[in-house]
Amino acid sequence: MKTFCTLFAAVLLIGCASPQPQSVRPAGKVEALRVGMSKEEVLAAFGHKPKHISQTARGESWYYDNSELAMIPFNLGFRLETKQLFFGPDGRLTDWNLSQPAR
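None of these values were measured; they are calculated from a predicted model.

**Examining the environment of Arg 34**
Along the chain, the position of Arg 34 falls in the loop between helix 1 (2-17) and helix 2 (39-46). Taking the relative accessible area as the measure of exposure, Arg 34 reaches 52% and is therefore exposed. Through-space distance from the C-alpha of Arg 34 to that of Arg 92 is 9.8 Å; in sequence the pair is 58 residues apart. Contacts of Arg 34, omitting those with residues within four sequence positions, involve Leu 93 and Trp 96.

What follows is the structure, encoded as structure tokens:
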């Protein structure tokens, strides 16, 4: 039983000390967005490609979220944050939606 407890504690400590995966990168700041930005400008502001790209009646839609952070062990303060950006037929940013939890 003592060996099991020691092994469990060691695994728990290793899990807590693991670095954050490279693929988990929050989307950039919404404050950097301006209506009329090109897709390249938005990519430069956010730093990485969106999770999902889809076509809508409004044009192209980009979706970002931080759902991977929910998988980090003992991340009890996790709050889902989503960002959806809309581009018109000319490839320029027309609008965006932001979902942030209250702190």
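**Quick notes on the side chain of Ser 38**
Mapped onto the secondary structure, Ser 38 falls in the loop between helix 1 and helix 2. On the accessibility criterion, Ser 38 (12% relative accessible area) is buried. With residues up to four places along the chain from it excluded, the contact list for Ser 38 reads Phe 87, Gly 91 and Arg 92.

**A short note on the packing of aromatic side chains**
Counted according to the given criterion, the structure contains two aromatic pairs. Over the ring of Phe 87 we find Lys 39; its NZ or CZ atom is 5.9 Å from the centre of that ring.

**Brief notes about the pairing of strand 1 (residues 52-56)**
With five bridges connecting them, strand 1 and strand 2 (residues 59-65) associate as antiparallel partners. Each residue of the ladder has a partner; that of Thr 56, found in strand 2, is Gly 59. Here strand 1 folds back onto strand 2 in antiparallel fashion, the turn holding two residues.

Here is what the cut-offs are and how they apply
Residues numbered from 1 in each chain as written. Predicted model: local features only at pLDDT ≥ 70, side-chain atom pairs only at ≥ 80, totals over all residues. Heavy atoms only, no water. Helix = DSSP H or I, 4+ residues; strand = E, 2+ residues; numbered from the N terminus. Buried < 20%, exposed > 50% of the residue type's maximum accessible area, 1.4 Å probe, protein only. Contact = heavy atoms within 4.5 Å. Phe/Tyr/Trp six-rings, centres within 6.5 Å; stacked < 30°, edge-to-face > 60°. Lys NZ or Arg CZ within 6 Å of the ring centre and 35° of its normal. Pairing = 2+ DSSP bridges.

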